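The lines below spell out each chain.
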Amino acid sequence: MSEPLRFVTPGPAHAGAVAAFIQAFNRRGEAEINGSCGLTELPYPQWLAHLERVSRGLAPGWMPARVHWAFLPGDPVQAATLEVRCPITPAEYHNGHIGLSVRPDRRRRHLGSALVAWAEEQLLAQGQHWVLITCDEWNDPSRRMIEHCGYRFFQRYTDAQGDAILLYQKKI
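Quick look at the structure, then. Along each chain, the written sequence defines residue order, and numbers are assigned to residues from 1. Reporting in this predicted model follows two pLDDT cut-offs: at least 70 for local features of residues, and 80 or more for side-chain atom pairs to be given and counted; totals over whole chains, interfaces and linings ignore these cut-offs and use all residues. Excluded from the side-chain calculation are hydrogens and water; included are all heavy atoms of the structure.

### Some remarks on the nonpolar core
Move 1: Within this scheme, the nonpolar core is defined by two criteria: the residues are buried Ala, Val, Leu, Ile, Met, Phe, Trp, Tyr or Cys, and they are joined through side-chain atoms within 4.5 Å. To sort residues, take the accessible area from a 1.4 Å probe on protein chains only and compare it with the maximum for the residue type: under 20% means buried, over 50% means exposed, and anything in between is partly exposed. Core analysis: the largest hydrophobic core is formed by 26 residues, its most contacted members being Leu82, Ile98, Leu100, Leu115, Val116 and Tyr151.
Move 2: Where this core is concerned, the elements lending two or more residues are β3 (78-85), β4 (98-102), α3 (111-125), β5 (130-136), α4 (140-148) and β7 (164-171).
Move 3: In terms of residues, this core owes the most to one element, α3, which gives six residues.
Move 4: Should any heavy atoms of two residues lie within 4.5 Å, those residues are counted as being in contact. Discounting residues that sit within four places of it in the chain, Leu115 has contacts with Leu5, Phe7, Ala70, Ala80, Leu82, Leu100 and Val102.
Move 5: The next biggest cluster of nonpolar side chains, apart from the first, holds 18 residues, and it includes Ile22, Val54, Ala59 and Phe71. Under the DSSP-based scheme used, a helix requires at least four consecutive residues in state H or I and a strand at least two consecutive residues in state E, with every element numbered from the N terminus.

Laid out in structure tokens, this is it:
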């Protein structure tokens, strides 16, 4: 990527862009949007309230996290979502510090790598020196992006739904 992404904090003004973002995933048959703190599970106004609780560590069952929308320069369409989780406890390692999803029609532009680099800067500023990131074992593009960003395979585990998850780590 030659120009930096523009990051914004989700707010009421983004309702239309978020609806289009979700529809782009639905058109591809992708029901889950990683790195969104459960965006598809609640109506947008309630999700914003949930996100505020999560960011302050007050949402039961959720680790403290901040969600950011990412936009390409000059493009009004939301390109990606990024969730930065910190701190995490050993019991939460399987979730990793970073969750992300790139809008299907904006993929293959190295946005994932740019998102990870920006998240690492945020985590380093919070005093985090080791970072964990995960992906589904079947997701080769995600796995390749994570390895390209310098992460090393750490552990494979099976989640509650029976899916194989790969856990990677990196010292930043």
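Next, the rest of the story.
### Observations concerning unusual backbone geometry
Move 1: Looking along the chain, the bond that leaves Cys86 and enters Pro87 is cis, with omega of 0 degrees.
Move 2: Relative to the elements of secondary structure, Pro87 occurs in the loop between β3 and β4.
Move 3: The phi angle at Cys37 is positive, at roughly 60 degrees, despite the residue not being glycine.
Move 4: Mapping Cys37 onto the fold places it in the loop between α1 (15-27) and α2 (44-55).
Move 5: When its relative accessible area of 2% is taken as the criterion, Cys37 is described as buried.
Move 6: Positive phi is not limited to glycine here, since His110 has a value of about 65 degrees.
Move 7: Summarising the element assignment, His110 is placed in the loop between β4 and α3.

### Things to note about α2
Move 1: Its twelve residues give α2 an end-to-end C-alpha distance of 16 Å, which sits within 8% of 16 Å, the value for a rise of 1.5 Å per residue.
Move 2: Taken as a whole, α2 has its buried residues at Tyr44, Trp47, Leu48, His50, Leu51, Val54 and Ser55. What you see down the axis of α2 is that its buried residues fit within an arc of 165 degrees, all on one side.
Move 3: Taken together, the buried residues of α2 touch α1 and β2 (65-71). For a helix, the expected span equals 1.5 Å multiplied by the residue count minus one. Arc definition: it is the arc formed by the directions from the helix axis to the C-beta atoms.

### Here we look at the pattern of salt bridges
If charged atoms from side chains of opposite charge come close, those side chains can pair.
Move 1: Salt bridge criterion: a side-chain nitrogen from Lys or Arg within 4 Å of a carboxyl oxygen from Asp or Glu. Going through the model one piece at a time under the given rule, you end up with ten salt bridges.
Move 2: One salt bridge in this structure joins Arg56 and Glu52, with 3.4 Å as the shortest N-O distance.
Move 3: Here the salt bridges do not stand alone but share partners, grouping Asp75, Arg103, Asp105 and Arg106 into one network.

### Details of the state of the cysteines
Move 1: Throughout, disulfides are identified as pairs of cysteine sulfur atoms within 2.5 Å of each other. Counted by the stated rule, this structure contains zero disulfides.
Move 2: No disulfide involves Cys37; its sulfur sits 14 Å from the nearest other cysteine sulfur, which is in Cys86.
Move 3: Among the cysteines around Cys149, which has no disulfide bond, Cys135 carries the closest sulfur, lying 12 Å off.

### Notes on the packing of aromatic side chains
Move 1: Stacked, tilted and edge-to-face are the three classes applied to pairs of Phe, Tyr and Trp rings, where Trp contributes its six-membered ring and a pair requires centres within 6.5 Å; stacked means planes under 30 degrees apart, edge-to-face means over 60, and tilted covers the rest. Considering all chains together, one arrives at six aromatic pairs under this definition.
Move 2: When the centroid spacing of 5.4 Å and the interplanar angle of 15 degrees are considered together, the rings of Trp47 and Trp69 count as stacked. With Trp47 in helix α2 and Trp69 in strand β2, the pair connects residues that are 22 residues apart, well separated along the chain.
Move 3: Using a relative accessible area of 0% as the deciding quantity, one classes Trp47 as buried.
Move 4: In this structure Trp69 comes out as buried when scored by relative accessible area, which is 0%.
Move 5: The aromatic ring of Phe71 is capped on one face by Arg6, whose charged end is 4.6 Å from the ring centroid. Counted as over-ring charges are cases with an Arg CZ or a Lys NZ within 6 Å of the ring centre that also lie within 35 degrees of the ring normal.

These values are about where atoms sit, not about what they do.
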